[in-house]
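Remarks on the overall topology
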Amino acid sequence: MFKKFTGILNSAVEALAPNASPVDNFTFHWKAVTSFFMEHRDAKSPIEETNIPTHLQNMIDILIYEEQQDDSGSTGPCMEYLLHHKLLETLYTIGRADCPPGMKQKVLLFFTSLLSKIKQPLLPHVNVFKAVHKLIRVCGEIKASPTEVEEMQFLCTVCAKLKAHPHVVNFFLEEARSSAANISAKADSNAQEFGLVDALLSMSYSADSRVAMKCCEGLILLTSLPEDAAATAILDHTKFLHEITTWLNTAYNHLPRSIDPAVVDGVEARWGIDHIKMSEAAFPGQRHIVNFLSLFDYCNILIKEAHSKISKALVLAIRKQFLEPAMKPDLLKEYVIP
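Residues numbered from 1 in each chain as written. Predicted model: local features only at pLDDT ≥ 70, side-chain atom pairs only at ≥ 80, totals over all residues. Heavy atoms only, no water.

As for helix 11 (residues 209-223)
Think of an α-helix as turning once every 3.6 residues; residues three or four places apart then point the same way. The terminal C-alpha atoms of helix 11 lie 21 Å apart, and with 15 residues this matches the ideal 21 Å at 1.5 Å per residue to within 8%. For helix 11, the complete set of buried residues consists of V211, A212, C215, C216, G218, L219, I220, L222 and T223. The backbone nitrogen of R210 lies 3.0 Å from a side-chain oxygen of the residue at the head of helix 11, namely D208. (Helix = DSSP H or I, 4+ residues; strand = E, 2+ residues; numbered from the N terminus. Expected span 1.5 Å × (residues − 1). Buried < 20%, exposed > 50% of the residue type's maximum accessible area, 1.4 Å probe, protein only. Polar contact = N/O pair within 3.5 Å; in protein donor to acceptor, adjacent residues only side chain to side chain.)

What to know about the packing of aromatic side chains
For the coordinates displayed, the defined rule picks out 12 aromatic pairs. Geometrically, the ring pair formed by Y205 and W247 is edge-to-face, given 6.2 Å between the ring centres and 75 degrees between the ring planes. Taken together, the positions of Y205 in the loop between helix 10 (195-203) and helix 11 and W247 in helix 13 (residues 240-253) put the pair 42 residues apart, joining distant regions of the chain. Their ring planes at 55 degrees and their centres at 6.1 Å tell us that F292 and F322 sit as a pair that is tilted. Taken together, the residues span a long stretch of sequence, with F292 in helix 15 (residues 286-305) and F322 in helix 16 (residues 308-332) at a distance of 30 residues. (Phe/Tyr/Trp six-rings, centres within 6.5 Å; stacked < 30°, edge-to-face > 60°.)

Remarks on the pattern of salt bridges
Inspection of the entire model under this criterion finds eight salt bridges. Linking E151 and K104 is a salt bridge whose minimum nitrogen-to-oxygen distance equals 3.3 Å. Here K104 lies in helix 6 (residues 103-117) and E151 lies in helix 8 (residues 148-164), a separation of 47 residues in the sequence. Each of the two residues, E151 as well as K104, counts as buried. R257 is paired through a salt bridge with D330; the nearest N and O atoms lie 3.4 Å apart. Of the two residues, R257 is situated in the loop between helix 13 and helix 14 (261-265) and D330 in helix 16; the sequence distance between them amounts to 73 residues. (Salt bridge = Lys/Arg side-chain N within 4 Å of Asp/Glu carboxyl O.)

Section: the side chain of D330
You can call D330 buried: its relative accessible area is 14%. Among the polar contacts listed, one links the side chain of D330 to the side chain of Y252, at a separation of 2.6 Å.

A short note on the nonpolar core
One finds F154 and F194 to be the most contacted residues of the largest nonpolar core, which totals 98 residues. For F154, the residues in contact, after removing those within four places along its chain, are L108, F111, T112, L115, V132, L135, I136 and C139. (Core = buried A, V, L, I, M, F, W, Y, C linked by side-chain atoms within 4.5 Å. Contact = heavy atoms within 4.5 Å.)

With respect to the packing of helix 5 (residues 87-97) against helix 6
One way to put it is that helix 5 packs onto helix 6 with a least axis distance of 8 Å and a crossing angle of 150 degrees. If you check the angle between helix 5 and helix 6, you find them roughly antiparallel. Handedness of the helix 5/helix 6 crossing: left-handed. Residues L88, L91, Y92, I94 and G95 of helix 5 pack against M103, K104, V107, F110, F111 and L114 of helix 6. Taken together, the residues that form the contact of helix 5 with helix 6 break down as nine nonpolar, one polar and one charged. (Axes fitted to C-alpha atoms, helices over the stretch in contact; angles between N-to-C directions. Parallel < 35°, antiparallel > 145°, perpendicular 65-115°, else oblique. Left-handed = near helix turned anticlockwise from the far one by under 90°. Nonpolar A, V, L, I, M, F, W, Y, C, P; charged D, E, K, R; others polar.)

Some points on unusual backbone geometry
Cis geometry marks the peptide bond from C99 to P100, where omega comes out at 5 degrees. Secondary-structure assignment places P100 in the loop between helix 5 and helix 6. One non-glycine residue with positive phi stands out, namely D98, at about 50 degrees. Among the secondary structure elements, D98 is positioned in the loop between helix 5 and helix 6. Judged by its relative accessible area of 32%, D98 falls in the partly exposed class. You will see that A144, though not glycine, has its phi angle at about 55 degrees, which is positive. Structurally, A144 can be placed in the loop between helix 7 (126-138) and helix 8. Given a relative accessible area of 67%, A144 falls into the exposed group.

Next up, the structure:
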């Protein structure tokens, strides 16, 4: 009750305050956020019981209004404040800790809103892409995370921005870390990793089909970037090819071993269309057949849309790691039709 009373009192004070400039309002809301963490270092109450969501939303609204009022395309004082004082770095830090509970979700939403609603290019700014890069690393860290929808939305927003401004992708390629599993990283001092692809691959295994599908769409955007460095990083320093062929092998292994070809001819499957429910299956194994054919359609889209280097490598990987070892032996078998 006391917390609710405090919230009402704060709102009343804000309402009664004299009109201030946008930058004064912006800094007021930001200081309200930081003050909370200075006064409540071990907050256990959910974020919804605080005024933080309101303050963060007001900050986004002020930034949007500021940009709308200036047709010159220059950076306004509120955005300058955000960039100069490294607000996104601070938000990443408190979001990473997820204290109070739910803070990570609000930080993800803030980043997503900022990148999607502000028209001026923000990713080239060092104090933006560094924070964005750090936040990418925590996406997909926890399976079935309560924030996986927000993580997916954030990742896909970054993908869309990179698709619109392909040269910016170079900010998201980092020096490959040497490991026993990545010997080439030791041999090539110029090797670069692509953490955004790794995050999308991790989240593509989500039990939520909508999250998984959106992450696959993000992969289409990234593999289609024209930058050679990005294509090389995807092929040499991510598990992209391995994961695609693993998906194919897994889907193929779930297919029924015996089925009437005439029945299969009537199956319609395209990637991106909601799959049928098990209760709606017209025959046993239909769901697995639809999944397999839809995945093949997805691979076809990747091959058509991707950078030429990735397309060629993917075709070869599918042949070497799926068609020859998995399908070819079955196709060469002699079957006796009863």
